[in-house]
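Coordinate analysis (summary)
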Amino acid sequence: MKQRQRQFAAAVLMLVLSLAAALGLAHPKSRAVQFTMMHAGQLEECIQANGAIPADIGIMAFHAWDGRHPMTEFVLSHRGGQISGCYYSPDDVPCAFRNEETVLSPQGRYWNWAGRKWYGRTQRLRQNWFYFEAQPAEKRGMRV
C-alpha cells in the first residue's frame, strides 16, 4: 500500500514538473534563453564563417541584416501579431527588429524602440545575444 502511494506521489510530481517546464518554455523569452543556451556557440561559428545555419534547430526563420551594427535574427515565435526570438550582434550592440534604424531607449533591463514599421523591445541574454519582441506599428496606432 505504501509503495503505491509513493508511486502515485512520484507520478504526480513528474506531471507537475513536466507541466511547469512546458509552460516555462512556452513563454517566448524562456524559449529564447533556452535556444541561446543550446545553439549560441554553433551558430556563432556558422555566422562568422559565413556558413549555413542548421535547419533542425527549431527556428521559424532567420535573417542576416546589414547596417551600422549587423545582426543575425532568429524568429522563434509569431503569436497574435507579435514576433519574438533572439539575435546575434557581433558588435554586442542592441538593435531594433530587422535592424531598423531607430533610437533605442534604455528602460530597466530592456531597450525600447519604435520605428516606422515596427515597435518593441530587446534585452541582453548574454554577450552578443539579445532577446526581442516586435509588433507592427499599426497595432500601436502609429503610421506605417
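Okay, so let's go over this structure.

Rules of the game
Residues numbered from 1 in each chain as written. Predicted model: local features only at pLDDT ≥ 70, side-chain atom pairs only at ≥ 80, totals over all residues. Heavy atoms only, no water. Pairing = 2+ DSSP bridges. Helix = DSSP H or I, 4+ residues; strand = E, 2+ residues; numbered from the N terminus. Axes fitted to C-alpha atoms, helices over the stretch in contact; angles between N-to-C directions. Core = buried A, V, L, I, M, F, W, Y, C linked by side-chain atoms within 4.5 Å. Buried < 20%, exposed > 50% of the residue type's maximum accessible area, 1.4 Å probe, protein only. Contact = heavy atoms within 4.5 Å. Polar contact = N/O pair within 3.5 Å; in protein donor to acceptor, adjacent residues only side chain to side chain. 1 Å grid on protein atoms, 1.4 Å probe; cavity = no way out; pocket = protein on both sides within 12 Å on 5 of 7 lines; lining within 4 Å. Points joined across faces, edges and corners; volume = space filled by probe spheres on them. Nonpolar A, V, L, I, M, F, W, Y, C, P; charged D, E, K, R; others polar.

Here we come to the sheet that holds strand β1 (residues 61-65). The strand order across the open sheet built from 7 strands is β1-β2-β3-β7-β6-β5-β4, with neighbouring strands paired in antiparallel fashion. Whereas interior strands pair on both sides, the edge strands pair on one side only; in this sheet they are β1 and β4 (104-107). Between one strand axis and the next, the sheet turns by 25 degrees as a mean value, whatever way the strands run. Of the pairings in the sheet, the one linking β1 to strand β2 (residues 71-79) comprises 5 bridges and is antiparallel in character. Bridge assignment links Phe-62 to a residue of β2, and that residue is Phe-74.

If you look at the biggest cluster of nonpolar residues, it comprises 14 residues, and the most contacted ones within it are Phe-35, Leu-43, Ile-53, Phe-74, Cys-86 and Trp-129. When residues of this core are traced back to their parent elements, those giving at least two are α2 (28-48), β2, β3 (82-88) and β7 (129-136). When residues in this core are grouped by element, the largest group, 6 residues, is from α2. In contact with Phe-74, other than residues within four places in its own chain, are Phe-35, Leu-43, Ile-47, Ile-53, Ile-59, Ala-61, Phe-62, Ser-84, Gly-85, Cys-86, Trp-129 and Phe-132.

Considering the arrangement of structural elements, one finds Thr-102 in the loop between β3 and β4. Spatially, the C-alpha atom of Thr-102 lies 5.7 Å from that of Gly-115, the residues being 13 residues apart in sequence. Setting aside residues no more than four positions away along its own chain, Thr-102 makes contact with Ala-96, Trp-113, Ala-114 and Gly-115. Here Ala-114 takes part through its backbone oxygen, which lies 3.1 Å from a polar atom of the side chain of Thr-102.

Volume-wise, the largest pocket comes out at about 170 Å³. Lining the largest pocket, in full, are Arg-68, His-69, Val-93, Pro-94, Cys-95, Ala-96, Asn-99, Glu-100, Glu-101, Thr-102 and Leu-104. In terms of residue class, the lining of the largest pocket is built from 5 nonpolar, 3 polar and 3 charged.

With that settled, the discussion passes to the pairing of β7. In regular strands, side chains alternate between the two faces of the sheet. Within β7, 8 of the 8 residues are buried, leaving the element largely enclosed by the surrounding structure. Burial of β7 is two-sided: the residues Trp-129, Tyr-131, Glu-133 and Gln-135 facing one way and the residues Phe-130, Phe-132, Ala-134 and Pro-136 facing the other way are all buried. Examined bridge by bridge, β3 and β7 share 6 bridges and lie antiparallel to one another. When the bridges of β7 are listed, Ile-83 appears paired with Ala-134. Note that strand β6 (residues 118-126) and β7 share 8 bridges and pair antiparallel.

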